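The residues making up each chain are set out below.
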Amino acid sequence: MKESKNLQRILIFLAGAFLFFMLILPLILIIAEALAKGWSAYIKALTEPFAIKAFWLTIEATLLAVGLNIIFGIASAWLLTKFDFRGKTFLGSMIDLPFAISPVVAGLFFIMLFGRMSPIYTTLQEYHIAVVFAVPGIILATMFVTFPFITRELIPVMENQGREIEEAAATMGANGWTVFRRITLPNIKWALSYGIILCTARALGEFGAVSVVSGHIRGKTNTLPLHIEILYNEYNFTAAFAVSSVLVIMAVIILILRNVIEAGGISAFKKNFYDENLQGQKKFLKIKFSKRFKF
Amino acid sequence: MTSKSVIPGYHLSLGITMFFVSLFLFIPLASFLLFASGMGIEKFIKAATDYRNVHAYAVSFSCAFIAALINCVFGLLLAWVLTRYDFPGRRIMDALIDLPFALPTAVAGIALTTLYAENGWVGQFFYAIGIPSAFSAMGITIALIFVGIPFVARSIQPVLRDLDPQLEEAANVFGADNWTIFRRIIFPELVSPLLTGFALAFSRGIGEYGSVVFIAGNMPYETEIAPLMIMTKLEQFDYQSAAAIAIVMMVLSLTILLGIHGYQSRRLKNIGAGFNN
């Protein structure tokens, strides 16, 4: 099917117009509004103590969520692809559950668990442990919304690799750590980096879940997105957009890294599968289909 | 029935996985369900069917539905243009589609609000012809289109890329025109990814909060969305109503996703069978 050049031009123009009004214009607007009152106002908004505190809290929550998710992602993907056990399918679909739950509802879970109506609330109070309206709650909520990201990237790749090589290595006496480091890790490194990128992006920007559990205490439990909300609701638009521009820069870096990793992953795929027979191509296709559920 | 595999690490990975799943999923979910079950069926129905809440579900549901439909059109257009045509800027366009995944929703929310508000760069033209493009159902839909577009475009792209060009050539040789080829040969292949993308965008749209809350205007009985009602109830310390709304939302999006998951796995099986022949 070959469309006429004119039809092609019209379709490209329509697609470009859609992207321009929905995606590009908002980015331009953020930068324009951030600099609307000049550089000094921009710098002032970024170096204000509450903004800096919010920045570090966001970094802290993101690093912890990503770190914990790496451990969980590798362990759960290993468990779900290398072993057969009862309840495996159930466990797999449980891990996907956060995809189906609104972030606000996720935040609500932790309010119910640690908040005032919780059965353990008095005990927590006695020991002066604050979870909700404090930093631990923010980390818990961030973990919840990013929970499936790394596992979902690793499982198709590890499933596709099969178990034979690891089994052979283990039979010949390699210990678990050696098997993982020498055989599994080289094979999953692209999928793992891809999962880390997705997880980082979501953790940096999570708003709904964190908003519920944070309590919005300035300088204490405010992450960057929450700080932006406060500034915006105070009609301090320049500052709100200035802080937003930091997140825009991070988003652009994430997009670039994503594309680099994807290119690397695809060439690794080609090396692994394209030389092989049809079986390999079939597996390749299957991975593509399962990848559709990625976010 | 444990594994007889020689691969080490079963107990270690099981332990770590169960620890995380319990701490972050089971225990929070169980405590929520425990709390919700404590309120009794009568109270649940009263809270869940409160007129203001029902209105909020309707707003969330209808705006998410319309946004997902519009995304099907533009997602297909974007995927089509990006996989089949070559033009300058194609790679940047391709990368840009993922922006809604990478950009924090609150940032997207305030940017879209400013853009489509009465004195905004784009909004002024809508308001001039009497269409309120912000603080209205249309505003909510715009935000949900932003959030949902990658789901649809990214679902369709791999399928379009893997289509066999020989089928189109054959149809062309037999004299089929472009429209017939698209309708009879290409589109049937795209139904399944379109549905997947639609379901993902739809269920995300129902639960979406950050990008919508700024542009919605949040007027009771008009532009309040379901997640906002949970926030409102929480601020009033009305935990039972919040839980009731949450349950309704969870049932809604789980139904959508499970429905599409069942369809998807059936389809995957068919594709596998096709390859074995």
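In this report, the structure presented in the accompanying data block is examined. (Residues numbered from 1 in each chain as written. Chains lettered and ligands numbered in written order. Predicted model: local features only at pLDDT ≥ 70, side-chain atom pairs only at ≥ 80, totals over all residues. Heavy atoms only, no water.)

On to the overall build of chain B. Within chain B, the regular secondary structure consists of 13 helices and 0 strands. Start at the N end of chain B and walk to the C end: the helices and strands fall as α-α-α-α-α-α-α-α-α-α-α-α-α. Across its three principal directions, the C-alpha atoms of chain B cover 70 × 70 × 35 Å. In chain B, of all internal contacts separated by at least 6 residues, the share reaching a separation of at least 24 is 72%. Accessible surface, chain B as shown: approximately 12,300 Å² in total, 65% of it carbon and sulfur. Separation of charge centres in chain B, based on 16 positive and 17 negative side chains, amounts to 8 Å. (Helix = DSSP H or I, 4+ residues; strand = E, 2+ residues; numbered from the N terminus. Contact = heavy atoms within 4.5 Å. Areas by Shrake-Rupley, 256 points an atom, 1.4 Å probe, with all protein chains shown as cover. Lys, Arg positive; Asp, Glu negative; His and termini not counted. Charge placed at Lys NZ, Arg CZ, Asp CG, Glu CD.)

Here the focus is the overall build of chain A. Check the secondary structure of chain A and you find 14 helices and 0 strands. Going from N to C terminus, chain A has its helices and strands arranged as α-α-α-α-α-α-α-α-α-α-α-α-α-α. Taken over 295 residues, chain A has a buried fraction of 55%. Long-range pairs, those at least 24 residues apart, make up 73% of the contacts in chain A with a sequence separation of at least 6. (Buried < 20%, exposed > 50% of the residue type's maximum accessible area, 1.4 Å probe, protein only.)

Residue and element names in this part refer to chain B. Where helix α3 (residues 51-84) contacts helix α8 (residues 137-162), the axes come no closer than 5 Å and their chain directions differ by 40°. Viewed along their axes, α3 and α8 adopt a mutual orientation that is oblique. For α3 against α8, the interelement crossing comes out right-handed. By residue class, the composition of the contact of α3 with α8 is 22 nonpolar, 6 polar and 2 charged. (Axes fitted to C-alpha atoms, helices over the stretch in contact; angles between N-to-C directions. Parallel < 35°, antiparallel > 145°, perpendicular 65-115°, else oblique. Left-handed = near helix turned anticlockwise from the far one by under 90°. Nonpolar A, V, L, I, M, F, W, Y, C, P; charged D, E, K, R; others polar.)

A few words now on the side chain of A:Glu229. By the secondary structure assignment, A:Glu229 is in helix α12 (residues 224-233). By relative accessible area, A:Glu229 is classed as buried at 12%.

For the rest of this paragraph, the subject is the interface of chain A and chain B. Frequently, the measure chosen for interface size is the accessible area that the parts lose on association. With 96 residues of chain A in contact, the opposing surface of chain B contributes 101 residues. For the chain A and chain B pair, buried surface summed over both sides reaches about 9,100 Å², with 80% attributable to carbon and sulfur atoms. The interface formed by chain A and chain B holds 1 salt bridge in total. Among the salt bridges present, the one from B:Asp98 reaches A:Arg258, with a minimum N-O distance of 3.0 Å. Counting across the interface, chain A meets chain B through 6 residue pairs in polar contact (both at pLDDT 80 or more). The biggest single contributor to the side of chain A that touches chain B is helix α1 (residues 5-34) of chain A, with 20 residues. A per-class count over the side of chain A that touches chain B returns 68 nonpolar, 13 polar and 15 charged. (Buried area = accessible area lost by both parts, 1.4 Å probe. Salt bridge = Lys/Arg side-chain N within 4 Å of Asp/Glu carboxyl O. Polar contact = N/O pair within 3.5 Å; in protein donor to acceptor, adjacent residues only side chain to side chain.)

Take the side chain of A:Gln161 next. All names here are of chain A. For Gln161, the location among the structural elements is in helix α8 (residues 149-161). By relative accessible area, which is 15% here, Gln161 ends up buried. A polar contact of 3.3 Å, which involves the side chain of Gln161, links it to the side chain of Asn187. Residues in contact with Gln161, not counting those within four places in the same chain, are Lys82, Glu166, Ile183, Thr184 and Asn187.

This part is about helix α9 (residues 165-173) of chain B. Structural remark: α-helix, 3.6 residues per turn; residues separated by three or four positions point the same way. Of the residues that open α9(B), the one with a side-chain oxygen 3.1 Å from the backbone nitrogen of B:Gln166 is B:Asp164. A positive backbone phi angle near 95° is found at B:Gly175, which sits one or two residues after α9(B).

This brings us to a nonpolar patch on the surface. Together, A:Phe20, A:Phe21, A:Ile28 and B:Trp121 make up a nonpolar patch on the protein surface, roughly 350 Å² of accessible area in all. As for its placement among the helices and strands, A:Ile28 is situated in helix α1. (Patch = residues over 30% accessible without salt bridge, like charges linked within 9 Å, V, L, I, M, F, W, Y side chains within 5 Å.)

Ranked by size, the top nonpolar core spans 194 residues in total, and within it A:Phe109, A:Phe147, A:Leu154, B:Leu103 and B:Ile230 carry the most contacts. Among the elements that line this core, the one with the most residues is α3(B), at 15 residues. If we skip the residues at most four places from it in the chain, A:Phe109 touches A:Ile101, A:Phe144, B:Pro28, B:Leu29, B:Ser31, B:Phe32 and B:Met250. (Core = buried A, V, L, I, M, F, W, Y, C linked by side-chain atoms within 4.5 Å.)

Turning our eyes to something else, we now look at helix α5 (residues 103-114) of chain A. All names here are of chain A. Compared with an ideal rise of 1.5 Å per residue, which puts 12 residues at 16 Å, α5 spans 17 Å between its outermost C-alpha atoms and is within 8% of the ideal. With respect to burial, α5 is a largely interior element, 12 of its 12 residues being buried. Every buried residue belonging to α5 is among Pro103, Val104, Val105, Ala106, Gly107, Leu108, Phe109, Phe110, Ile111, Met112, Leu113 and Phe114, and all of these are buried. (Expected span 1.5 Å × (residues − 1).)

All names here are of chain B. Tallied over the entire structure, the rule returns 13 salt bridges over all chains. Here Arg90 makes a salt bridge to Asp86, at a shortest N to O gap of 3.4 Å. Since its relative accessible area comes to 70%, Asp86 is described here as exposed. Here Asp94 and Arg154 are joined by a salt bridge, their closest N and O atoms 3.0 Å apart. Linking Asp94 in helix α4 (residues 90-96) with Arg154 in helix α8, this pair joins segments that are 60 residues apart in sequence. Residue classification places Asp94 among the partly exposed positions, given a relative accessible area of 22%. For Arg154, a relative accessible area of 14% translates into the label buried.

Attention now goes to the packing of aromatic side chains. Evaluation of the coordinates by the stated rule reveals 33 aromatic pairs over all chains. Ring centres of B:Tyr51 and B:Tyr221 lie 5.5 Å apart, and the angle between their planes is 25°; this geometry places the pair in the stacked category. With B:Tyr51 in helix α3 and B:Tyr221 in the loop between α11 (210-216) and α12 (226-235), this pair connects stretches of sequence that are 170 residues apart. Pairwise contacts between aromatic rings join A:Phe207, A:Tyr232, A:Tyr235, A:Phe237, B:Tyr209 and B:Phe214 into one cluster. Positioned above the aromatic ring of A:Trp78, the side-chain terminus of A:Lys82 is 5.9 Å from the ring centre. (Phe/Tyr/Trp six-rings, centres within 6.5 Å; stacked < 30°, edge-to-face > 60°. Lys NZ or Arg CZ within 6 Å of the ring centre and 35° of its normal.)

All names here are of chain B. Taken as a whole and assessed by the stated rule, the structure comprises 0 disulfides over all chains. Left without a disulfide partner, Cys63 is nearest to the cysteine sulfur of Cys72, which lies 16 Å away. The class for Cys63 is buried, based on a relative accessible area of 3%. (Disulfide = S-S within 2.5 Å.)

In the Ramachandran plot, B:Phe135 falls in the positive-phi region, its phi being about 55° despite a non-glycine side chain. With respect to the secondary-structure elements, B:Phe135 resides in the loop between α7 (123-128) and α8.

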